[in-house]
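Overview (structure and organization)
Take a look at the letters that make up each chain.
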Amino acid sequence: MKIVAVTACPTGIAHTYMAAARLEKTAKTLGHEIKVETQGAMGIENNLTESDIRQAHIAIFAVDIEVEGRERFNGVKVIQVPLQEALKNPESIFAKIQRSI
Amino acid sequence: MKHEISTSEQFVFSCSLSSGLHARPASRLAEVANEFAAQCVLTNLRNGMFANLKSVLAVIAADVRHGDQCVIRIQGPDEQSAHASLRRFVEETLPQCDAPLAVAESIARNTTPPRVLQAAGVECSFGLPVSRGIAQGKVVIMNGAVLPSSSDTSAATDPQLELQRIKDAIAAVHKRIQEKLDYQISPGGAAILQAELAMVGDVFLAEKLTELVARGKSAEQAVLATGEFFTDLLRHSESDYIRERASDIEEICLQLLDEIHGGERRAVVELREPSVVVAEMLAPQQFLALDRRWLKALVLEYSATTSHTVILARSQGIPALVGVQSARLLLSPGREVVVDANRGFVVPQISSSVQRFYERERRTLDRRQEALHHATGPISTADGKTLEVAANASSSEELLLARENGADGIGLFRTEMLLMGRADAPSEEEQFAIYAEAARTSAGWPVIIRTFDIGGDKAVPYLNLPPEDNPFLGYRGVRIYTEHQELMQSQLRAILRASSFGNLQIMAPMISSLEEVIQFKAAISQAKRDLTLKDIAFNQNIGVGIMIEVPSVAFLLEQLCAEVDFLSIGTNDLSQYFFAADRGNSKVAALASVCHPAFLSLLKDIVTQIHGAGKWVGMCGEMAADIRHLPLLVGLGLDEISLPAAEIPAIKAKISALRVPDCEQLLSRAIVCGTTKEVGGLLERAQASQTAQPLLTEELVLLGSTSQSKEEVIQEIVDAFYIVGRTDDRHRLEEALWAREDVYSTGLGYGFATPHCKTEAVSNDSICVLKLDEPINWGSVDNEPVRMIVSIVMREPQNSGGHLQVFSTLARQLMNEEFRDRLFRGETAREVMTLLAQQVG
């Protein structure tokens, strides 16, 4: 499965990046292809392009704050979870995805 | 209404003093008025209050505040000359009478205790810290100077006799204060006694007493009624400062009563163990009567930051809080309490958690002190060039402050304050006591004493210096020494005598020619001869130097260097004379910029010439106090800079981050700039690239922590940043970390937590790694306890060369099991740092 994700937390120093690392690792283990955009103190990194989003089966928002450029995801199925969920139990997010498709 | 031709003189003025017409300017005004027979009445047009200008008390009670319009009416035989004198005084001297009386440093009032104490359920009483420190002791409640009620006083006998008793009492109290004044060596203490002296000799006070006795009161009753009358008057003032003076009047009245009675009237509190004295307010005499061995701290209900007692507590290093509401009710006599006058509260009961908190706090403060002490002794730039960082001072209290802040000496000890705000010149003995104290306190440091710099903006009425059209270009500094030989000789003898107690040096202000230096040296030789004849010890080889304030000196350096041991650049005057622009005139002050390329070029030339002649050169003007200028000063190659003590730690920290070639290059580029603005831009860009400090140092790796709770861990991290000087505001940093924790726990599972924040409370982006001996609960996502803490603190606004990339890599690495294992297995700070350097960069 092709997945895109966005992580963002209030201070943008630590959890944004920790969650990104966690999602990438879990996806890999489960055999999914994932690209994670981080919206942290360094600004937006690893930008999701229009084609990334178009090709994705689903988008994960693991965020505690508003996602920047949310309109880019119009037309894509989005699952939004609190960022902590990506740290606490990332497998459950992927399980949810499986169920919803 | 019938119009009469007024025979009186009058004029209107607006009070320009920022604290209003308080005790000291009022006493100077009364002094002038008392020289004339004419009646002088001041009316405050704001509140309609009248005052006999000859009475300090009456003038204070008129509550003249900054900006108030007042009329002074003069009527009597010598009204014209009185008018001329008063008017001149009010217009010329009065605006300069406001040298502040060591105003207590204002510290924002804290309202929450540290989280560790909050978690332990400790309730604190908050106050305003006016003298810093932490102390523990048993509560002793003291009542302030309270006048006895008039019922238990003796009845009047013969009015003549009663009047005589009052006169005798006034004379005796006057004499007693005068005697104390003679032995007083701190200028702060002397100013307080001077104010008391003025009050006891006040005409209004005497009038009121006489009037009451004439109406059949006994001496004692008259003093009590007078005391009530004045304290009532002052307590209604709208100015805090004047309300605080009410306790001074009570004090004077108590002293008069003591004399009339022939015995002490007030309860003496005897301290027998480490004590915390709690009172509504406390008179200076009561404070001084307390046994210093046992007095550990002072807690006052009344919020008086400028009271004389507060000033004394500060100068004696007694921690003090004021404005602690209902302290006498909330604190139980005999109970052990902690006064935290760093944070601003009293802990009313010492539980084991309070004990533990303050034990850890003591260690933190000791280690911070130790770390600061590393900065004592001359500091070097990153590439090893030494630069002395000295303090400017004008009293022994400031000398102590300089020491605490890690000064390498006193580059400018001002003495003109000794002459100001008093009726006559200080005696040689009085001066000797102050210089000797400075020499002793300095314990081997160099202390450069600048001889009196009077004139210009510093007026001294009893020297009868003529009014001038251009005082800054006139009769000031070294130029008045020839005429005031006796004053000069007494100062030089006093400095020389004190030089046998420490490393004192003499410096002359406002030198513009070689002749002045030769005369100054001749005066020193004269003083030396006099002392030798009297067989009084002094340092024969005392260093003699001059200030560089007048541009002509820059073109005479070869000749001058042959005559003196050292030179010090006074940038304030040098820049205003160099650019012909008055610093005090806001329309032109900007022209006299010390960052102007022309001025920098002048400085460069001065330093080069002096070093060419093999002499020492320092800088003691305001230019040295501005941290932004530091790279320029290092580039100049000065031997020393001297600045206000409070700025020293920051300046020293910055020096060690600078490199001489970079600074020299910066200076060369600044000198060829066209404008001050261009230089400013250059400095800003340089600043951005010079402040970077490593993210992590060994002191920030805390392995084997014994903290027992999340609160303690965060406190320990904050303390670690405080010890190495990365934060001065622990409260703010702690709250910033907790603000993030309060959103949701930073426990990321696997036994790791990452408390982090963005804050202005740190000087640099920083990491702190802490490993606990025993795991604790952190509210982690996996509900497992935590043993490893990696704290990330980002400075906001960001310094350039920020560390965001490092932080984000570190955050990602913490998700990597192998990295966590290796971090956890790190046994030394070095290992941890190496790992972080390899994996995170």
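The secondary structure content of chain A amounts to four helices and five strands. The linear arrangement of helices and strands in chain A, starting from the amino end, is β-α-β-β-α-β-β-α-α. Within the span of chain A, comprising 101 residues, buried residues form 50% of the whole. Restricting the contact set of chain A to residue pairs at least 6 apart, pairs at least 24 apart contribute 60%. For chain A, the exposed area adds up to about 4600 Å²; of that, 47% sits on carbon and sulfur atoms.

It is worth spelling out the interface of chain B and chain A at this point. In this assembly, 21 residues from chain B lie in contact with 21 residues from chain A. With both sides pooled, the region where chain B packs onto chain A buries about 2000 Å², and carbon together with sulfur makes up 67% of that total. It is Tyr744, Arg812 and Met815 of chain B in chain B that bury the most area against chain A; as a group they hold 33% of the surface buried on that side. Run the count over chain B and chain A and you get one salt bridge. The salt bridge partner of Glu24 of chain A is Arg812 of chain B, with a shortest N-O separation of 3.3 Å. Taken together, chain B and chain A are joined by six residue pairs in polar contact (both at pLDDT 80 or more). Mapped onto the side of chain B that touches chain A, the elements with two or more residues apiece are strand 25 (756–759), strand 27 (786–795) and helix 27 (804–813) of chain B. The element contributing the most residues to the side of chain B that touches chain A is helix 27 of chain B, with six residues. Its residues assigned to classes, the side of chain B that touches chain A comprises twelve nonpolar, six polar and three charged.

This part is about the side chain of Lys771 of chain B. Mapping Lys771 of chain B onto the fold places it in strand 26 (residues 766–776). Not counting residues up to four positions away in its chain, the partners in contact with Lys771 of chain B are Leu702, Leu703, Gly704, Ser705, Arg787, Met788, Phe824 and Gly826 of chain B.

Now for the nonpolar core. In this structure, Phe413, Tyr435, Ile569, Met619, Leu638 and Ile641 of chain B are the most contacted members of the largest nonpolar core, which totals 97 residues. In this structure, Leu638 of chain B is in contact with Lys385, Leu387, Ile569, Val607, Val617, Gly618, Met619 and Leu633 of chain B, ignoring residues within four places of it in sequence. In this structure, Ile58 of chain A together with Leu748, Phe819 and Leu836 of chain B belong to the second largest nonpolar core, which totals 76 residues.

As a further point, take the state of the cysteines. All names here are of chain B. Scanning all chains against the criterion turns up zero disulfides over all chains. Just so you know, Cys70 is unpaired, no disulfide at all, and the nearest cysteine sulfur is the one on Cys15, 6.7 Å from it. A relative accessible area of 0% places Cys70 in the buried class.

Glancing now at the sheet that holds strand 11 (residues 336–340) of chain B. If you walk across this open sheet you meet the eight strands as 5-12-11-7-8-9-10-6 (chain B), and the pairing is mixed. Each edge of the sheet is formed by a strand with only one pairing partner; in this case those strands are strand 5 (125–126) and strand 6 (128–131) of chain B.

All names here are of chain B. If you trace the backbone, Ile723 turns up in helix 25 (residues 710–723). Its relative accessible area of 12% is what places Ile723 among the buried residues. It is 7.9 Å that separates the C-alpha atoms of Ile723 and Gln369, two residues lying 354 residues apart in sequence. Filtering out sequence-adjacent residues up to four positions away, Ile723 remains in contact with Thr364, Arg367, Arg368 and Ala371.

Turning our attention to the pairing of strand 17 (residues 503–508) of chain B. All names here are of chain B. With five of its six residues buried, strand 17 lies for the most part within the structure. Bridge count for strand 16 (residues 446–450) against strand 17 is five bridges, and the pairing is parallel. Across the sheet, Ile448 pairs through a bridge with Gln505, a residue of strand 17. Crossover strand 17 to strand 18 (residues 543–548) through helix 17 (residues 514–533) is right-handed.

Let us look at the sheet that holds strand 3 (residues 49–52) of chain B. Residue and element names in this part refer to chain B. Ordered by their spatial adjacency, four strands build an open sheet running 1-4-2-3, and the pairing between neighbours is antiparallel. Since the sheet does not close on itself, it has two edges, and those belong to strand 1 (9–14) and strand 3, each with one partner. Ignoring strand direction, the axes of neighbouring strands in this sheet form an average angle of 20 degrees. Where strand 2 (residues 39–44) and strand 4 (residues 69–75) come together, six bridges link them in antiparallel fashion. Across the sheet, Leu42 pairs through a bridge with Ile72, a residue of strand 4. The strands touched by helix 3 (residues 79–93) are strand 1, strand 2 and strand 4; relative to strand 1, the strand with the most contacts, the crossing angle is about 10 degrees.

Predicted confidence across chain A gives a mean pLDDT of 93, with 100% of residues reaching 70 or more. Predicted confidence in chain A is weakest over helix 4 (residues 90–100) of chain A, with a mean pLDDT of 90, and strongest over strand 1 (residues 2–8) of chain A, with 96.

Right, let's get into the pattern of salt bridges. Side chains carrying opposite charge are able to pair once their charged atoms draw close together. Residues and elements named next belong to chain B. Within this structure, the stated rule accounts for 42 salt bridges over all chains. Between Glu416 and Arg450 there is a salt bridge, with its nearest N and O atoms 2.7 Å apart. In this pair, Glu416 is assigned in the loop between strand 15 (410–413) and helix 15 (428–442) and Arg450 in strand 16, connecting sequence segments 34 residues apart. Here Glu416 falls in the buried class, since its relative accessible area comes to 0%. Overall, the relative accessible area of 5% leaves Arg450 in the buried class. One continuous salt-bridge network, built from bridges that share partners, spans Glu428, Glu429, Glu486, Arg493, Arg497 and Asp530.

Glancing now at the packing of helix 16 (residues 485–498) of chain B against helix 17 of chain B. All names here are of chain B. Interhelical geometry of helix 16 versus helix 17 gives an angle of 65 degrees and a closest axis separation of 9 Å. Between helix 16 and helix 17 the crossing geometry is right-handed. Across from Met488, Gln489, Leu492, Arg493, Leu496 and Arg497 in helix 16, the residues of helix 17 making contact are Phe520, Ala523, Ile524, Gln526, Ala527, Lys528, Asp530 and Leu531. Among the residues forming the contact of helix 16 with helix 17, the class breakdown is eight nonpolar, two polar and four charged.

What follows deals with unusual backbone geometry. Keep in mind that most residues, glycine aside, have a negative phi and that most peptide bonds are trans. Unusually for a residue other than glycine, Asn46 of chain A sits at a positive phi of about 55 degrees. Note that Asn46 of chain A resides in the loop between strand 3 (43–45) and helix 2 (50–55). For Asn46 of chain A, a relative accessible area of 42% translates into the label partly exposed. Phi is positive for Ala580 of chain B, which is not a glycine, with a value near 50 degrees. Take Ala580 of chain B: it is sitting in the loop between helix 19 (571–579) and helix 20 (597–612).

As a further point, take the packing of helix 7 (residues 203–214) of chain B against helix 8 (residues 219–235) of chain B. All names here are of chain B. At a closest axis distance of 9 Å, the pairing of helix 7 and helix 8 adopts a crossing angle of 130 degrees. Here helix 7 is positioned oblique relative to helix 8, judged by the angle of their axes. As for how helix 7 packs across helix 8, the hand of that crossing is right-handed. Mapping the contact onto sequence places Phe204, Leu205, Lys208, Leu209, Leu212 and Val213 in helix 7 and Ala222, Val223, Ala225, Thr226, Phe229 and Phe230 in helix 8. Across the contact of helix 7 with helix 8, the residue classes break down as ten nonpolar, one polar and one charged.

Another aspect to go through is the confidence of the model for chain B. Residue and element names in this part refer to chain B. Averaged over every residue, the pLDDT of chain B is 85; residues scoring 70 or more account for 89%. Note that residues 1–6 has pLDDT below 50 and, in this model, zero contacts with residues that lie over four places away or in other chains. In this model, residues 99–108 is a region of pLDDT below 50 whose contacts with residues beyond four sequence positions or in other chains number 20 contacts. Prediction confidence for the complex, expressed as pTM and ipTM, is 0.60 and 0.87 respectively.

Here the focus is the environment of Ser442 of chain B. Secondary-structure assignment places Ser442 of chain B in helix 15. As for Ser442 of chain B and Asp408 of chain B, which are separated by 34 residues in sequence, their C-alpha atoms are 9.6 Å apart.

Scoring rules and cut-offs
- Residues numbered from 1 in each chain as written.
- Chains lettered and ligands numbered in written order.
- Predicted model: local features only at pLDDT ≥ 70, side-chain atom pairs only at ≥ 80, totals over all residues.
- Heavy atoms only, no water.
- Helix = DSSP H or I, 4+ residues; strand = E, 2+ residues; numbered from the N terminus.
- Buried < 20%, exposed > 50% of the residue type's maximum accessible area, 1.4 Å probe, protein only.
- Contact = heavy atoms within 4.5 Å.
- Areas by Shrake-Rupley, 256 points an atom, 1.4 Å probe, with all protein chains shown as cover.
- Buried area = accessible area lost by both parts, 1.4 Å probe.
- Salt bridge = Lys/Arg side-chain N within 4 Å of Asp/Glu carboxyl O.
- Polar contact = N/O pair within 3.5 Å; in protein donor to acceptor, adjacent residues only side chain to side chain.
- Nonpolar A, V, L, I, M, F, W, Y, C, P; charged D, E, K, R; others polar.
- Core = buried A, V, L, I, M, F, W, Y, C linked by side-chain atoms within 4.5 Å.
- Disulfide = S-S within 2.5 Å.
- Pairing = 2+ DSSP bridges.
- Right-handed = clockwise from strand over helix to strand, strands pointing away.
- Axes fitted to C-alpha atoms, helices over the stretch in contact; angles between N-to-C directions.
- pLDDT = per-residue confidence, 0-100.
- Left-handed = near helix turned anticlockwise from the far one by under 90°.
- Parallel < 35°, antiparallel > 145°, perpendicular 65-115°, else oblique.

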